[in-house]
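Topology and contacts: notes
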Amino acid sequence: MVTLASRIKVSKPVKLLGVISFLFMIWILYSYRIIDKENLLNESELGSEINDENVVTTPKPDLKVVKVDVYYECLCPDSRYFVLHELLPTFEKVGSMMDIHLWPYGKATTTVTEKGYEFSCQHGEQECIGNIYHACVEKIVEDMTKKLELIKCMISDNYEPENIAKKCASEGGIDFEEIQTCASGQEGKELHFKAGLKTEALHPKVSFIPTIEIDDDQNSQKAILKNLLKEVCASYSTQYLTHNEKLANCP
């Protein structure tokens, strides 16, 4: 016969096991909520859509970008204005969604001789030399922020190309020797020649410098030169966003 005392002795371990199981279930649920919250935070950091505002703060994680080709001359006042007042400010706001390519040549001409290339530039010999330094910077400096800062510094005062390139490279913490080797040798001439081929292949042909292409299309040059940020944002939105989405930093 099982007494009341023996029942109590049997049921205590069962109750203890039940309490432990209940606490374990609570711990699992709490851990799951923490992990889920962390995942949500990670998604927001990647630039996912904020439902309340329908704003994409940064380009989506697939890294889709808008290609921007800039055809310019280093001594052209209009080119200088575009770089300083449109290209750099736009990159500062939405640079992560831009794929920028620089083609310093403009309305120059090239003659192929037995000794190599001879260039004639719209603003004289110094512009040809300056264009070559710009072309070498475009190839050598991989970090786009540093590259554009160097181009900005150079184009602000490009009448002594070698001196300004050396000064600007030093200020930007960029190795000047590699740029100088490129600009003073055959490589620089080859890069200038290739920039010329790219410029001359434009359709429609160049009539004004700078000329800008967005995703290989000249579109409305007047609109691009006046407000590059607006045109880049419009191109990105058309290609990659839904109707209700918009980008931060875009007009």
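Check the entry above for the structure.
Now for a look at the structure at hand. (Residues numbered from 1 in each chain as written. Predicted model: local features only at pLDDT ≥ 70, side-chain atom pairs only at ≥ 80, totals over all residues. Heavy atoms only, no water.)

**Quick notes on the overall build of the protein chain**
Within the protein chain, the secondary structure is distributed over nine helices and seven strands. When the 251 residues of the protein chain are sorted by exposure, 37% land in the buried category. Considering only residue pairs separated by 6 or more positions, the protein chain has 70% of its internal contacts joining residues 24 or more positions apart. Of the roughly 15,300 Å² of accessible surface on the protein chain, a fraction of 56% belongs to carbon and sulfur atoms. (Helix = DSSP H or I, 4+ residues; strand = E, 2+ residues; numbered from the N terminus. Buried < 20%, exposed > 50% of the residue type's maximum accessible area, 1.4 Å probe, protein only. Contact = heavy atoms within 4.5 Å. Areas by Shrake-Rupley, 256 points an atom, 1.4 Å probe, with all protein chains shown as cover.)

**Concerning the sheet that holds strand β6 (residues 211-214)**
As summarised here, the arrangement of the three strands in space is β3-β2-β6, forming an open sheet in which the pairing is mixed. Looking at the sheet topology across the chains shown, the edges are occupied by β3 (98-104) and β6. Neighbour-to-neighbour, the strand axes of this sheet turn through a mean angle of 15°, independent of strand direction. Sheet topology places strand β2 (residues 66-72) next to β6; four bridges connect them, and they run antiparallel. Residue Tyr-71 lies in a different strand from β6, and its bridge partner there is Thr-211. Lying over the sheet, helix α3 (residues 125-140) contacts β2 and β3, oriented at roughly 150° with respect to β3. Against the sheet, helix α4 (residues 144-155) contacts β2 and β3, and its axis sits at roughly 35° relative to β3. (Pairing = 2+ DSSP bridges. Axes fitted to C-alpha atoms, helices over the stretch in contact; angles between N-to-C directions.)

**Points about the packing of helix α2 (residues 77-94) against helix α9 (residues 228-240)**
For any two helices packed against each other, the geometry comes down to the angle between their axes and how far apart the axes lie. At a closest axis distance of 9 Å, the pairing of α2 and α9 adopts a crossing angle of 40°. When the axes of α2 and α9 are compared, the pair comes out oblique. Remark: the crossing between α2 and α9 carries right-handed chirality. For the pair formed by α2 and α9, the contact residues are Phe-82, Glu-86, Leu-87, Thr-90, Lys-93 and Val-94 on the first element and Leu-228, Leu-229, Val-232 and Cys-233 on the second. Within the contact of α2 with α9, the residues separate by chemical class into seven nonpolar, one polar and two charged. (Parallel < 35°, antiparallel > 145°, perpendicular 65-115°, else oblique. Left-handed = near helix turned anticlockwise from the far one by under 90°. Nonpolar A, V, L, I, M, F, W, Y, C, P; charged D, E, K, R; others polar.)

**Considerations on the pairing of β3**
Along a regular strand, successive side chains alternate from one face of the sheet to the other. A one-sided burial pattern is seen for β3, the buried positions being Met-98, Ile-100, Leu-102 and Pro-104 and the unburied ones Asp-99, His-101 and Trp-103. Note that β2 and β3 share seven bridges and pair parallel. Residue pairing for β3: Asp-69 is matched across the bridge by His-101. Where the polypeptide runs from β2 across α2 and back to β3, its parallel neighbour, the crossover connection is right-handed. (Right-handed = clockwise from strand over helix to strand, strands pointing away.)

**Thoughts on the environment of Thr-113**
Within the secondary structure, Thr-113 sits in strand β4 (residues 109-113). For Thr-113, a relative accessible area of 30% corresponds to the partly exposed category. A polar side-chain atom of Thr-113 sits 3.2 Å from the main-chain amide nitrogen of Lys-115. (Polar contact = N/O pair within 3.5 Å; in protein donor to acceptor, adjacent residues only side chain to side chain.)

Nothing here speaks to function; it is all geometry.
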